[in-house]
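# Understanding the architecture of this molecule
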Amino acid sequence: MNHMLETLNSPEATQGGENASAETISRKDVCSAYLAGIVDGEGCIHARFATQTNPKARNRNTLRIAVSVYNTHPALIKRVTECLILLDVPFTVVAGQRAAERPGASVGVEGKGRVCNLLQILLPYLTAKRTQAELVLELIAYRESLATRAYGIKGRFEGMNLQEDETIQKYLKQISAEKRNYANVLNFPRKPNHVFGESSTTLRSPSVLRVEAELEAFVGAS
């Protein structure tokens, strides 16, 4: 995949004597697929309430939605930032260290609009975190619908206690379940040269499927 990204750096790049600048694939397509794979394996999709430290903030408890990638290898962090720049998604980079590990860096995309844009780009290529991404996109859309219904404009939440909104809490509960309660890999046969797992449904745990059914019924009834 890195080779593909390097090859597509030049519109005149060739491979095997033929033009590889592809009418079938673009640099953005390759970056989107690469970044989705990194987010699947090394990333985290955040959705939770956080307390504002600024005492002048209009809403002390805000719904924080973000996507981050943490890794200790600078080459991977470099590639992630290159992809985000190409995809025109703003980001920040923060260095840190976890326990006794080597120092690493976290690339973060925050803000509902930015996260929405990024997840829509990555969604066709995501696997393990696809359902999380879909739920976060639904949560963002629902949150904005509250402001639109109340004030006729997006992003305005004065007087609203989003923490008490049952639908938002249902979404947060299911996103949390998707992050933690997936099926155990030991539940499946591990034959060489065979596709792992039986289906997209059996790869998910019963608890996740139960929470998903509860949310679907709740949203449908509201």
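Okay, so let's go over this structure. For every chain, the first residue of its written sequence is number 1, and the numbers climb from 1 along that sequence. Confidence filtering applies because this is a predicted model: local features only for residues at pLDDT of at least 70, side-chain atom pairs given and counted only at 80 or more, and all residues used for totals across whole chains, interfaces and linings. Side-chain numbers come from the whole structure's heavy atoms, not from hydrogens or water.

## Here's the deal with the overall build of the chain
Each helix and strand in the chain was counted, giving seven helices and six strands. Relative to its 222 residues, the chain shows a buried fraction of 36%. When contacts within the chain are restricted to residue pairs at least 6 apart in sequence, long-range pairs at least 24 apart make up 59% of them. Each accessible area is a Shrake-Rupley estimate made with a 1.4 Å probe; only the visible protein chains count as cover when residues are assessed. In the structure as shown, the chain presents an accessible area of about 13,500 Å², 51% of it carried by carbon and sulfur atoms. Strands here are runs of E lasting at least two residues and helices are runs of H or I lasting at least four, both read from the DSSP assignment and numbered beginning at the N terminus. Note on exposure labels: buried denotes an accessible area under 20% of the residue type's maximum, exposed denotes more than 50%, and partly exposed covers the range between, all computed with a 1.4 Å probe on protein chains only. Pairs of residues are marked as contacts when any of their non-hydrogen atoms sit within 4.5 Å.

## Re the pattern of salt bridges
When a carboxyl oxygen of Asp or Glu lies within 4 Å of a side-chain nitrogen of Lys or Arg, that pair is called a salt bridge. Overall, the coordinates contain five salt bridges when judged by the stated rule. In this structure, the salt-bridge partner of arginine 79 is glutamate 82, at a minimum N-O distance of 2.7 Å. Here arginine 79 and its partner glutamate 82 are both found in helix α3 (residues 74-86), three residues apart, which amounts to about one turn of the helix. Accessibility expressed as a relative area gives 29% for glutamate 82, which makes it partly exposed. The shortest N-O distance in the salt bridge between arginine 130 and glutamate 134 comes to 3.3 Å. Note that arginine 130 and glutamate 134 are positioned in helix α5 (residues 130-151) at a spacing of four residues, about one turn of the helix. Taking relative accessible area as the criterion, arginine 130 reaches 31% and is therefore assigned partly exposed. A residue is classified by how much of its surface remains accessible, and glutamate 134, at 29% relative accessible area, is partly exposed. Through salt bridges that share partners, Lys78, Arg79 and Glu82 make up one connected network.

## Brief notes about the packing of aromatic side chains
Ring pairs shown here join Phe, Tyr and Trp side chains whose ring centres sit within 6.5 Å, with only the six-membered ring taken for Trp; geometry is labelled stacked below 30 degrees between planes, edge-to-face above 60, and tilted in between. This structure, assessed with the given rule, holds one aromatic pair. Aromatic pair phenylalanine 188 and phenylalanine 196: ring centres 5.5 Å apart, planes at 70°, arrangement edge-to-face. Assessed through its relative accessible area of 38%, phenylalanine 196 is described here as partly exposed.

## As for helix α6 (residues 166-180)
How far a helix is expected to stretch is found by multiplying one less than its residue total by 1.5 Å. The end-to-end C-alpha separation of α6 is 21 Å, in line with the 21 Å expected for 15 residues at 1.5 Å each. Among all positions in α6, only Thr167, Ile168, Tyr171, Leu172, Gln174, Ile175, Ala177 and Glu178 are buried. In protein, a polar contact means a hydrogen-donor-capable atom and an acceptor-capable atom, both N or O and within 3.5 Å, with residues adjacent in sequence counting only if both atoms are side-chain atoms; elsewhere, any N or O pair within 3.5 Å suffices. N-capping of α6 is provided by aspartate 165, with a side-chain oxygen placed 2.9 Å from the backbone N of threonine 167.

## Here we look at the nonpolar core
What makes a nonpolar core is a set of buried Ala, Val, Leu, Ile, Met, Phe, Trp, Tyr and Cys residues whose side-chain atoms join them at distances within 4.5 Å. Counting residues in hydrophobic clusters, the biggest one holds 43 residues, and the most contacted among them are Val136 and Leu139. Counting residues per element, the ones that place at least two in this core are α2 (27-42), β3 (43-51), β4 (61-71), α3, β6 (104-110), α4 (112-122), α5 and α6. Of all the elements, α5 adds the most residues to this core, at eight residues. Leucine 139 has contacts with Ala47, Leu63, Ile65, Ile168, Tyr171, Leu172 and Ile175, leaving out every residue within four places of it along the chain.

## Re α5
Compared with an ideal rise of 1.5 Å per residue, which puts 22 residues at 32 Å, α5 spans 32 Å between its outermost C-alpha atoms and is within 8% of the ideal. Count one or two residues on from α5 and you reach glycine 152, which has phi positive near 75°.

## Structural notes on the packing of α4 against α5
Note on geometry: axes are C-alpha line fits, over the in-contact stretch for helices, and angles between N-to-C directions span 0 to 180 degrees. Two elements in contact, α4 and α5, have axes separated by 10 Å at closest approach and are oriented at 140°. With respect to each other, α4 and α5 are oriented oblique. The chirality of how α4 crosses α5 is left-handed. Residues Lys112, Val115, Cys116, Leu119 and Gln120 of α4 form the contact with α5, whose participating residues are Ala133, Val136, Leu137, Ile140 and Arg143. Broken down by class, the residue content of the contact of α4 with α5 amounts to seven nonpolar, one polar and two charged. Orientation labels follow simple angle bins: below 35 degrees gives roughly parallel, above 145 gives roughly antiparallel, 65 to 115 gives roughly perpendicular, and whatever is left gives oblique. Each crossing gets its handedness from the near helix: less than a right angle anticlockwise from the far helix is left-handed, clockwise is right-handed. Each residue gets one of three labels, nonpolar for Ala, Val, Leu, Ile, Met, Phe, Trp, Tyr, Cys and Pro, charged for Asp, Glu, Lys and Arg, and polar for the others, Gly among them.

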